[in-house]
Amino acid sequence: MSSVTTEGAQAAPLEGRGSLANNRLSLPEVIAQSIGTVAPSGTPALVIPVVFGVAGNGTWLAYLFATIALLFVSWNINQFARRTANPGALYVFAGQGLGGFWGVVAGWSLLIAYLFTAAAVIGGAVNSLLVLAHTFGIQEADAALTLAVSLLVIVAAWWFAYRDIRLSTRTTLIIELATVALILVVVLGSIFWIGPAIDNAQFTLEGVGADQLRLGLVLAFFSFVGFESATTLGAEARDPYRAIPRAVIVSVVAIGLLFIVSAYGLTGAFHALPVTLDKAEAPLTTAAQGIHLGWVGSLIDLGVALSFFACTLGSLNAGARVLYALSGHGLFHGSAGNAHKVNATPHVAVTILAVVAIALSLALTQSGYGLLDAFGLLGSVATFGFLFAYILAAAGVPFFLSRIGEFRPWHGLVSLITIVLLLIPLAGSVYPIPAWPFSILPYIFLGLLALGVIWFLVLRVARPASLAALEQDLLSTGNRTER
């Protein structure tokens, strides 16, 4: 496996295991990994209407706050990414700051997050495909059709992730650019043709209370999770110390602007339409019809389905690299630390995650839960994983910078502000207590996380020498100044 380095050179792979391909991915391809995992095209179609149902005319402001908060998170992540390149990503970052135990907690949190994201967006992709099929006269899907399409989605995503990381990221980039362009046509058209372009109801937050805005902010955070997944390409990006930090920032800014503009445009447009935004079955299609571009709506439905597919693919790519790093440190079966000798992908880890992801998805959809219900349940568990990992990475920044002699008091202040901002959606997810079955999701996440932590503690007793090496590996980094 590739250990932490200070000048981008990767440690020699374990004998017979192969290695990930160094210096392979360009900046656009690294950005595509982060954007693909977020699946930005899916938010205007599915998530913004849900946020509107809570925050109403404050939806755009909830996304603005979330964007600002995640810029703080990005700053913390980039304190590590400018100095360390490793497929373990936040697992390694948190370990460098807080030590091996908390690094492992962050690693398992991140693995749970990517795994459950992949499982969730299988349902999102299938739902979007079935919505598109419905426009062509195909009736409601039964369990057998849902099963068949779900398997098709995961097998296709597994093949791309198994085959070639460049093929994966390029496919993701093409899908997202094309779909976002169509969404912007509809959103901007809605602002200037349906209007009003200056919506006083939104700027004055008409009908929006503090509790509504807080709950909207919680949901808005969910739209961004996975933006940091470019950090898992530390072993494969060209000039990773520059490319990965730029990808992290560009992803937050670009996606945040898309979400803010989409929230504002769709909210304003639906003020003039007979159905409210949160009640529209296909809001982008409805908005497209409102500007007499109904055919664009069908293309967007296809693009959204492909965007969720790209998110499945991005989650498999990122999660597999975290599992690859955990395995290399002896925290998972050694086979998951294998890299394909020809494709230079963590093919065993990709396969493991794909099998578990489809099992999670089908366990819900084949037992009576709707596709969007499964999307919400699995996605909520994933969000807990991301928030835990972000908090641990932010908490580790002052310790990391102190150890390498670069700490300044304002670094600690930014870290503290970031943690407070992240605690808002975390607290809002558990209080007030949500309805069943969402009320048990925090405990499901904590139970899964506890299994990983207990396994680590068992290994620390059984193999103290190897775990001491893990601690040393996580803490071994140099003082590298940005050039």
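All of the points below concern the structure found in this document. Fair warning: this is a prediction, and the values are worked out from it, not measured in the lab.

### Section: helix H7 (residues 165-194)
- End to end, H7 covers 42 Å across 30 residues, agreeing with the expected 44 Å (1.5 Å per residue, within 8%).
- For H7, the capping residue at the N-terminal end is Asp164, with a side-chain oxygen 3.0 Å from the backbone nitrogen of Arg166.
- One or two residues past the end of H7 sits Gly195, with phi positive at roughly 70°.

### As for the pattern of salt bridges
- Per the stated rule, a full pass over the model turns up six salt bridges.
- Measuring nitrogen to oxygen at the nearest pair gives 2.5 Å for the salt bridge that ties Arg170 to Glu29. On the criterion of sequence distance, the pair formed by Arg170 in helix H7 and Glu29 in helix H1 (residues 27-38) is long-range, its members being 141 residues apart.
- For Arg170, a relative accessible area of 41% gives the class partly exposed.
- In this structure, the salt-bridge partner of Glu406 is Arg83, at a minimum N-O distance of 2.5 Å. Taken as a pair, Glu406 in the loop between helix H14 (371-403) and helix H15 (409-428) and Arg83 in the loop between helix H3 (59-81) and helix H4 (90-98) lie far apart in primary sequence, 323 residues in all.
- On the accessibility criterion, Arg83 (9% relative accessible area) is buried.
- Sharing partners across several salt bridges, the network here consists of Glu29, Arg166 and Arg170.

### Observations regarding the nonpolar core
- Counting 148 residues, the largest nonpolar core has Tyr63, Leu90, Tyr91, Phe227, Leu331 and Tyr390 as the members making the most contacts within it.
- Leave out the neighbours within four places in its chain, and Leu90 touches Ile77, Ala106, Leu110, Glu228, Thr231, Ala389, Tyr390 and Ala393.

### With respect to the environment of Val180
- Structurally, Val180 can be placed in helix H7.
- What Val180 contacts, discounting residues up to four positions off in sequence, is Ser41 and Leu258.

### A look at the environment of Phe400
- Here Phe400 lies in helix H14.
- For the pair Phe400 and Phe80, spaced 320 residues apart in the sequence, the C-alpha separation amounts to 8.2 Å.

### Comments concerning the packing of helix H6 (residues 143-163) against H7
- With their axes 5 Å apart at the nearest point, H6 and H7 run at an angle of 130° to one another. One way to sum up the angle between H6 and H7 is to call them oblique. Across the interface between the two elements, Trp159, Phe160, Ala161 and Arg163 of H6 pack against Leu167, Ser168 and Thr171 of H7.
- Of the residues that constitute the contact of H6 with H7, the class distribution is four nonpolar, two polar and one charged.

### Comments concerning unusual backbone geometry
- In this structure, the amide linkage connecting Tyr431 to the following residue, Pro432, adopts the cis form with an omega of -5°.
- Within the fold, Pro432 resides in the loop between H15 and helix H16 (441-462).
- Cis rather than trans, the peptide bond between Trp436 and Pro437 has omega equal to 0°.
- Within the element layout of this structure, Pro437 appears in the loop between H15 and H16.
- Despite not being glycine, Ala89 has its phi angle at roughly 55°, a positive value.

### With respect to the packing of H4 against helix H17 (residues 464-475)
- The geometry of H4 relative to H17 is characterised by a closest axis approach of 8 Å and an angle of 90° between their N-to-C directions. If you check the angle between H4 and H17, you find them roughly perpendicular. Of the residues in H17, those in contact with Tyr91, Val92, Gly95 and Gln96 of H4 are Leu470, Leu474 and Leu475.
- Within the contact of H4 with H17, the residues separate by chemical class into five nonpolar, two polar and no charged.

Rules used in this analysis
Residues numbered from 1 in each chain as written. Predicted model: local features only at pLDDT ≥ 70, side-chain atom pairs only at ≥ 80, totals over all residues. Heavy atoms only, no water. Helix = DSSP H or I, 4+ residues; strand = E, 2+ residues; numbered from the N terminus. Expected span 1.5 Å × (residues − 1). Polar contact = N/O pair within 3.5 Å; in protein donor to acceptor, adjacent residues only side chain to side chain. Salt bridge = Lys/Arg side-chain N within 4 Å of Asp/Glu carboxyl O. Buried < 20%, exposed > 50% of the residue type's maximum accessible area, 1.4 Å probe, protein only. Core = buried A, V, L, I, M, F, W, Y, C linked by side-chain atoms within 4.5 Å. Contact = heavy atoms within 4.5 Å. Axes fitted to C-alpha atoms, helices over the stretch in contact; angles between N-to-C directions. Parallel < 35°, antiparallel > 145°, perpendicular 65-115°, else oblique. Nonpolar A, V, L, I, M, F, W, Y, C, P; charged D, E, K, R; others polar.

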